[in-house]
2 protein chains.
Amino acid sequence: MRASNYLFSTLRNSPTDAVVASHQLMVRAGMIRQVSKGLYTWLPTGLKVFRKVEAIVREEMQNAGSLEVSMPIVQPAELWEESGRWKKYGAELLRLKDRHGRDFCLGPTHEEVITDLARNEITSYKQLPLNLFQIQTKFRDEVRPRFGVMRSREFCMKDAYSFHVNEESLQETYEIMHQAYCNIFDRIGLDYRPVLADTGSIGGAYSHEFHVLADSGEDDIAFSDASDFAANIELAEAISLKTAADPATQEVEEIFTPDCKTISKVAEFLKLDVTKTVKTMLVKGLDENEQATIVALVLRGDHNINEIKVEKIAGIISPFEFANEQDIIEGIGCQPGSIGPKGLKEKGIRIIADRSAAVMSDFCAGANKDDYHLTGLNWSRDCADFEVADIRNVVEGDPSPDGAGTIVIKRGIEVGHIFQLGQQYAEALKATVLDENGKAKIMHMGCYGIGVSRIVAAAIEQNFDDKGILWPASIAPFDIAIIAMNYDKSEAVREECDKLYNELKAQGLDVLLDDRKERPGVKFADCELIGIPHRLVVGDKGLEKGTLEYKNRSSGENQDIPREEAINFILSQK
Amino acid sequence: MRASNYLFSTLRNSPTDAVVASHQLMVRAGMIRQVSKGLYTWLPTGLKVFRKVEAIVREEMQNAGSLEVSMPIVQPAELWEESGRWKKYGAELLRLKDRHGRDFCLGPTHEEVITDLARNEITSYKQLPLNLFQIQTKFRDEVRPRFGVMRSREFCMKDAYSFHVNEESLQETYEIMHQAYCNIFDRIGLDYRPVLADTGSIGGAYSHEFHVLADSGEDDIAFSDASDFAANIELAEAISLKTAADPATQEVEEIFTPDCKTISKVAEFLKLDVTKTVKTMLVKGLDENEQATIVALVLRGDHNINEIKVEKIAGIISPFEFANEQDIIEGIGCQPGSIGPKGLKEKGIRIIADRSAAVMSDFCAGANKDDYHLTGLNWSRDCADFEVADIRNVVEGDPSPDGAGTIVIKRGIEVGHIFQLGQQYAEALKATVLDENGKAKIMHMGCYGIGVSRIVAAAIEQNFDDKGILWPASIAPFDIAIIAMNYDKSEAVREECDKLYNELKAQGLDVLLDDRKERPGVKFADCELIGIPHRLVVGDKGLEKGTLEYKNRSSGENQDIPREEAINFILSQK
């Protein structure tokens, strides 16, 4: 591509509403423009990157045996009524009426359409397993679209759906897809983690998210520093470093702790490390007779409660809810800031201690008496009747649940998600096949999504500096830029540039020849902003010496290379 | 691709609502499935063809210097209000509201969005000309979607838009696009014609449609049998074979013609050739004082009126409207079936004769008296005061307007359309650039569309037989099928098939290996139905002789070829 025929649309300044680096850089580098809130036009530079990502995703899906299809964006309401989601799905599902007044929606996902296709086209177990994918525009009417194409309303997804006669077959394809996703992100060249995830609103039994690690990510991911273990922080199992409590060495002492309503205040006042304190929270529960009651949760002072884990415990109300202050004062006789485990059982309150709290000794807790705390507490001696459960978020330094290494926590951007849907949709839409014995069986399904447009933004979040974007080679808009100094005036430069341009293109490289009548500074800045990995400067001075000036975008390394070695040198850098 | 891992979804019968061959065959060949009226899912076989068409279109657009972008499907109402089309565009524009109640539409075309982009990104004449294209989903809420993907509601278009500082530049790009379109349809391998066209509702000055010739086409195209001339039948100029009338040889005679209300009845009754008669039609017009009046149009008996041509004549009401019967009876004194030119002028009625009618002699016409006709009429002697204009449709055998050859009429399917939009949209959206003198100028625009999904259907309409589709090689879903006889039972067959499969794939061919446990008849039928151009049958019998059985889909030619020559033979057939 000759720059004189190209649309750069680079900008010096970021739009005021762009708060994350990828959004700022995509606008500044002339990759995208907002048409309306959450709706973007992809300009040539942006679309070139997008198409490279798309091609890798398509190729790896095909390599994994998935067949490409394409379903409509506009979907009839009837199918969503069959699955029950026409009513259940919130306002993100953009509903509309056609000219005849019939109900449709813009597809935020395609489970209904594909399950309808499967029930019509798949009749026998012999056709299974079947794995179908599409790369297609989706629409989710986000309340607050933000971060550019990271959370836009219209976006492009690769979504795949697999169909199976039983769970084993689903598990096999799930593993194939897991590997295909790793291949995709490896090929693109991203630092990512497949993490165990919650299945969320799509439903189903088992799922992994694929996260690109970046400080601007919206999710916390816990992973091991020594193994493959990685999980969404809500799901990561929290293990105690100790297996049992040390023997008691202190006696219980009641201490007046005025104005100490928080754990940190108590620890400071008593000059105790916060890890020697516990916090006790009262939440709503149900007793054996399904009557409303209060349950006490005890955590080490520096740990945070994990509501998702708590909700899964029998006898606790879901969704998780704290007890009212009034109920606490009536049931226990003190304000919430002074609660502790000792004596609660006697008041008929069930106690659940987190694993790490349960192995503490000589610890401090509320005295169940306003403005008083107890020190020197020991479970077995002072408060022996309690349960133990995992009810906290993991923290860095925790042992990894798989027994290898310790937990590190980083932020991630979700770019892929694979689910074992099970039979949920197939059951709702009665998608059955005949098995070996001629009996109708409801199919098992998997679904596998990748945010194609989001990958472009996530790649930037992980790879940029103060000059612009640092693309991984696989998805850079151009492989190399040839910057011509005085292309219009120097015949030697012009000839050399045209020759290099043709030679590099003949090698299959995507080449930008900057032949514009612009100052060198403008050309260098554009080249660095849009993140072209390699740059060759062609000027009269160098040509007299027989050299070209090479610069590597990511290392910043700059060197003169002999003209005749240029092509081989560039190829060796790829 | 191994057939055992593929989704054929072929059917024996056509859906009852499919009336054209392409719709029937696309459903039967497992290419598409209807999700809702005018909304289709593309299955693997269909999408493979679609992607090949898309790739050719993209490559040729890039070769022609157009830059790819991608605009959103959901478009804000504001832009359509600026262009004036929010109100003007009919119910085909699907309007919708987002969760905040703001107005949007599903883009049936993208003039507004691209012009908005251009006014923001293009500031100087130095950036021009600029040509941007996208390959994208469009939505038109057709009242009566039909013919499968030929006229569906959701479909894929390649639309391009060019921007210019003046008309000359627009004309240059228009010609480049005209050539690019020819390259696209040549490469796909279709019999097509670029035809002069009406600009229709998009507006603008000059346009060509690209039609694939097929009996099932919805448009009549007139083209020369000896030159490049081709035009939509409404636009083709109708030339008279004769330049002047022969001298009169007959006297005028008034004949009683009872019950002869039509030209064919009159000709039959009088034993005259219909080309010796004229028909006279009265339409609404305006006189010099803008008062309502009646105008007489005279055509040769076998010719048909062209309303678009008539509307362009000064003094005739547009849209074209016939005079009321009451006005005719009052103004002329007879029923519409007995009108003729002689005597009309005396009644103050303007007469316009078609070019071919104007050179007739000794002809027959209505006598302006119920149940009477005149024979032996001659213009100069009997009715000298009349105008001449082109007011009829061309017919086969007419001279071509470019002077070379004669007109042939065929039916066509519109697959592409290029327009010179001029300044219409740029003016409405105030899209200006600074010219060489620093003065703001409104840009000139061109727009260029190709129906990507429609090409797939049009290619079938032009290429099918009673067994199925006959794809042009460039867009066939597979280049070649290897049909294995007893793949599961014969080790020799299995080895040979796998070897051939890998060898042909290594040559870059898209190969289908039919390894299914199906009867040979089923495999042959599927292969012919989905239209794979080349077929090799591998069976034990042949292998014993060292041969494979080759069949060409379009010629039907069948031959045994030695095993060792198979690869070269196939490559030579491509």
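Residues numbered from 1 in each chain as written. Chains lettered and ligands numbered in written order. Predicted model: local features only at pLDDT ≥ 70, side-chain atom pairs only at ≥ 80, totals over all residues. Heavy atoms only, no water.

For chain A, the name recorded in an unreviewed UniProt entry is Proline--tRNA ligase, with Marinomonas transparens as its organism. Here is the UniProt Subunit (unreviewed entry) comment for chain A, exactly as written: "Homodimer." Taken from UniProt, the Sequence similarities (unreviewed entry) comment for chain A reads in full: "Belongs to the class-II aminoacyl-tRNA synthetase family. ProS type 1 subfamily." (UniProt positions renumbered as here; feature names shortened; annotations may be inferred.)

Caption draft 1: Focus on empty space enclosed by the protein. All names here are of chain A. Evaluation of the coordinates by the stated rule reveals three cavities of 30 Å³ or more. Space inside the largest cavity adds up to approximately 40 Å³. Lining the largest cavity are Cys-527, Glu-528, Ile-532, Arg-535, Lys-551, Asn-552 and Arg-553. Sorting the residues of the lining of the largest cavity by element identifies α14 (520–529) and β29 (547–552) as the ones contributing at least two each. When the residues that make up the lining of the largest cavity are grouped by side-chain class, the tally is two nonpolar, one polar and four charged. (1 Å grid on protein atoms, 1.4 Å probe; cavity = no way out; pocket = protein on both sides within 12 Å on 5 of 7 lines; lining within 4 Å. Points joined across faces, edges and corners; volume = space filled by probe spheres on them. Helix = DSSP H or I, 4+ residues; strand = E, 2+ residues; numbered from the N terminus. Nonpolar A, V, L, I, M, F, W, Y, C, P; charged D, E, K, R; others polar.)

Caption draft 2: A look at the sheet that holds strand β6 (residues 103–106) of chain A. Residues and elements named next belong to chain A. Read from one edge of the open sheet, three strands run β4-β6-β5, paired in antiparallel fashion. This sheet does not close on itself; its edge strands, each paired only once, are β4 (74–76) and β5 (95–97). Averaged over all neighbouring strand pairs, the angle between strand axes comes to 40°, with direction disregarded. (Pairing = 2+ DSSP bridges. Axes fitted to C-alpha atoms, helices over the stretch in contact; angles between N-to-C directions.)

Caption draft 3: Highlighting the sheet that holds strand β18 (residues 372–377) of chain B. Residues and elements named next belong to chain B. Taken in spatial order, the three strands of this open sheet run β13-β18-β17, and their pairing is antiparallel. For this open sheet the edge positions go to β13 (253–256) and β17 (363–366), each flanked by a neighbour on one side alone. For this sheet the average axis-to-axis angle between neighbouring strands, irrespective of direction, equals 30°. With three bridges connecting them, β17 and β18 associate as antiparallel partners. For Phe-363, the partnering residue across the bridge sits in β18 and is Leu-377.

Caption draft 4: Representation of the relation of the copies chain A and chain B within the structure. If you rotate chain A by 180° and push it 0.0 Å along the axis, it lands on chain B with an RMSD of 0.2 Å. Accordingly, the operation relating the two chain copies is best matched by a two-fold axis. Scanning chain A for the C-alpha nearest the rotation axis identifies Leu-96 of chain A, at a separation of 3.0 Å. Of all interface residues in chain A, 100% are interface residues in chain B too; the two copies therefore contact each other through one and the same surface. (Least-squares fit on C-alpha atoms with pLDDT ≥ 70 in both. Contact = heavy atoms within 4.5 Å.)

Caption draft 5: The packing of helix α1 (residues 21–28) of chain A against helix α12 (residues 452–462) of chain A, seen in detail. Residue and element names in this part refer to chain A. One way to put it is that α1 packs onto α12 with a least axis distance of 8 Å and a crossing angle of 105°. One finds that α1 runs roughly perpendicular with respect to α12. Here Ala-21, Ser-22, His-23, Leu-25 and Met-26 of α1 come into contact with α12, specifically with Val-456, Ala-457, Ile-460 and Glu-461. Residue composition of the contact of α1 with α12, grouped by class: six nonpolar, two polar and one charged. (Parallel < 35°, antiparallel > 145°, perpendicular 65-115°, else oblique.)

Caption draft 6: Representation of the packing of helix α2 (residues 44–63) of chain B against helix α12 (residues 452–462) of chain B. Residues and elements named next belong to chain B. Direction vectors running N to C along α2 and α12 enclose 115°, while the axes themselves pass 9 Å from each other. Here α2 lies roughly perpendicular to α12, going by the angle between them. Seen from above, α2 lies across α12 with right-handed handedness. Taken together, the residues of α12 that come into contact with α2 (itself represented by Val-49, Phe-50, Val-53 and Glu-54) are Val-452, Ser-453, Ile-455 and Val-456. Grouping the amino acids of the contact of α2 with α12 by side-chain chemistry returns six nonpolar, one polar and one charged. (Left-handed = near helix turned anticlockwise from the far one by under 90°.)

Caption draft 7: Summary view of the interface of chain A and chain B. Opposite the 52 residues of chain A that make contact, chain B presents 52 residues. In this assembly, chain A packs against chain B so that about 4300 Å² is buried in total across both faces, 63% of it on carbon and sulfur atoms. Taken as a group, Leu-67, Arg-99 and Glu-121 of chain A account for 14% of the area that chain A buries against chain B, more than any other trio of residues on that side. For the interface between chain A and chain B, the tally reads six salt bridges. Asp-98 of chain A is the partner of Arg-153 of chain B in a salt bridge, and the nearest nitrogen-oxygen pair spans 2.9 Å. Between the two partners, chain A and chain B, sit 18 residue pairs in polar contact (both at pLDDT 80 or more). (Buried area = accessible area lost by both parts, 1.4 Å probe. Salt bridge = Lys/Arg side-chain N within 4 Å of Asp/Glu carboxyl O. Polar contact = N/O pair within 3.5 Å; in protein donor to acceptor, adjacent residues only side chain to side chain.)

Caption draft 8: Expanded view of the pairing of strand β26 (residues 480–484) of chain A. All names here are of chain A. Taken across its five residues, β26 has five buried, putting it largely inside the fold. Along β26, one buried face is formed by Ile-480, Ile-482 and Ala-484 and the opposite face, lined by Ala-481 and Ile-483, is buried too. Of the strand pairs in this sheet, β26 and strand β27 (residues 511–514) are connected by four bridges, and their pairing is parallel. Note on β27: the bridge partner recorded for Ala-481 is Leu-512. For the handedness criterion, the β-α-β arrangement of β26, helix α13 (residues 491–506) and β27 is classed as right-handed. Both β26 and strand β28 (residues 534–538) contribute to a ladder of five bridges, which runs parallel. Residue pairing in the sheet places Ala-484 in a bridge with Val-538 of β28. (Buried < 20%, exposed > 50% of the residue type's maximum accessible area, 1.4 Å probe, protein only. Right-handed = clockwise from strand over helix to strand, strands pointing away.)

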